[in-house]
Amino acid sequence: MLPPEIRADVRKWDAACGAPIAAAQRFALYLTVPGAQFLALHFDDFRCRNRTAYCRSAGCLHEVYVSTSGRYRRVLSVHASDVRLSSSHDRAVLEVVDGRGTSRTLWWNGSRFVGR
């Protein structure tokens with residue numbers, strides 16, 4: 001149920017995985033704020049024979065996409081323990097949790113996620 005441009009990106013993992021890929025229910029999570037829709041892919045909820053293709057000691061790959069005019073573009077790609085999208089005052093907020101449990105918070109500035 002992913003948008004076509006993101007589905008095409010995910011399908012590229014077929015070769016690295018060496019077997020058919022699958023995704024758990026929480027692989028793709030959406031957040032809508034005024035003027036934009038975000039989609040976070042959580043590769044820790046991705047099923048692939050070769051998990052080392054997208055997971056490292058720092059955590060698994062997480063990618064965040066934004067759609068502001070009907071097409072999605074990737075705005076963040078990070079290896080982390082988790083990423084959490086939320087909103088505050090109609091702005092997207094992204095919390096990135098590293099492998100040690102330390103988190104950093106980034107805010108959407110209209111074109112990318114930035115720290116304060």
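As a starting point, this report considers the structure included with it. (Residues numbered from 1 in each chain as written. Predicted model: local features only at pLDDT ≥ 70, side-chain atom pairs only at ≥ 80, totals over all residues. Heavy atoms only, no water.)

### Focus on the overall build of the protein
The cut-off we apply is this: Numbering of helices and strands starts at the N terminus; helices are DSSP runs of H or I of at least 4 residues and strands are runs of E of at least 2. Within these notes, the globule rule equals 2.2 Å times the number of residues to the 0.38 power, and the radius of gyration is based on C-alpha atoms. We call a residue buried when its accessible area falls under 20% of the maximum for its residue type, exposed when it is over 50%, and partly exposed in between, using a 1.4 Å probe and counting protein chains only. Should any heavy atoms of two residues lie within 4.5 Å, those residues are counted as being in contact.
Within the protein, the regular secondary structure consists of 2 helices and 11 strands. Relative to the 2.2 N^0.38 estimate, which gives 13 Å for 116 residues, the radius of gyration of the protein is 14 Å and therefore close to what a compact globule would have. Within the protein, buried positions represent 41% of all 116 residues. Within the protein, residue pairs in contact and separated by at least 24 positions form 39% of the contacts whose partners lie at least 6 positions apart.

### Observations regarding helix α1 (residues 4–11)
For clarity, the cut-off: Taken from the helix axis, the directions to the C-beta atoms give the arc we talk about.
Restricting attention to buried positions, one finds in α1 the residues E5, I6, D9 and V10. Projected down its long axis, α1 carries its buried residues within an arc of 140 degrees, all on one side. Close packing links the buried residues of α1 with α2 (13–17), β3 (36–42), β4 (46–47), β6 (59–67) and β7 (72–80).

### Topic: the packing of aromatic side chains
Centre distance and the angle of the planes are the two values used to describe a pair of aromatic rings. Test applied: Pairs were defined over the aromatic rings of Phe, Tyr and Trp, the Trp ring being its six-membered one, requiring ring centres within 6.5 Å. Orientation was assigned from the angle between planes: stacked under 30 degrees, edge-to-face over 60, tilted for the rest.
Counting across every chain of the model gives 10 aromatic pairs. Relative to F113, the ring of F38 has its centre 5.6 Å away and its plane inclined at 50 degrees; by these criteria the two rings are tilted. Of this pair, F38 sits in strand β3 while F113 sits in strand β11 (residues 113–114); the two residues are 75 residues apart in sequence, bridging distant segments of the chain. F113 carries the same exposure label as F38, and that label is buried. A centroid spacing of 5.3 Å and a plane angle of 80 degrees characterise the contact between F46 and Y54, whose relative ring orientation is edge-to-face.

### Considering the sheet that holds strand β9 (residues 91–97)
What counts is decided by this rule: Any two strands with at least two DSSP-identified bridges between them are counted as paired.
The strand order across the open sheet built from 4 strands is β8-β9-β10-β11, with neighbouring strands paired in antiparallel fashion. Of all strands in the sheet, those with a lone pairing partner are β8 (82–88) and β11, marking the two edges. As paired strands, β8 and β9 are joined by 7 bridges and run antiparallel to one another. Paired with V83 across the bridge in β9 is V96.

### Some thoughts on unusual backbone geometry
The phi torsion at H89 lies on the positive side, around 55 degrees, for a residue other than glycine. Secondary-structure assignment places H89 in the loop between β8 and β9.

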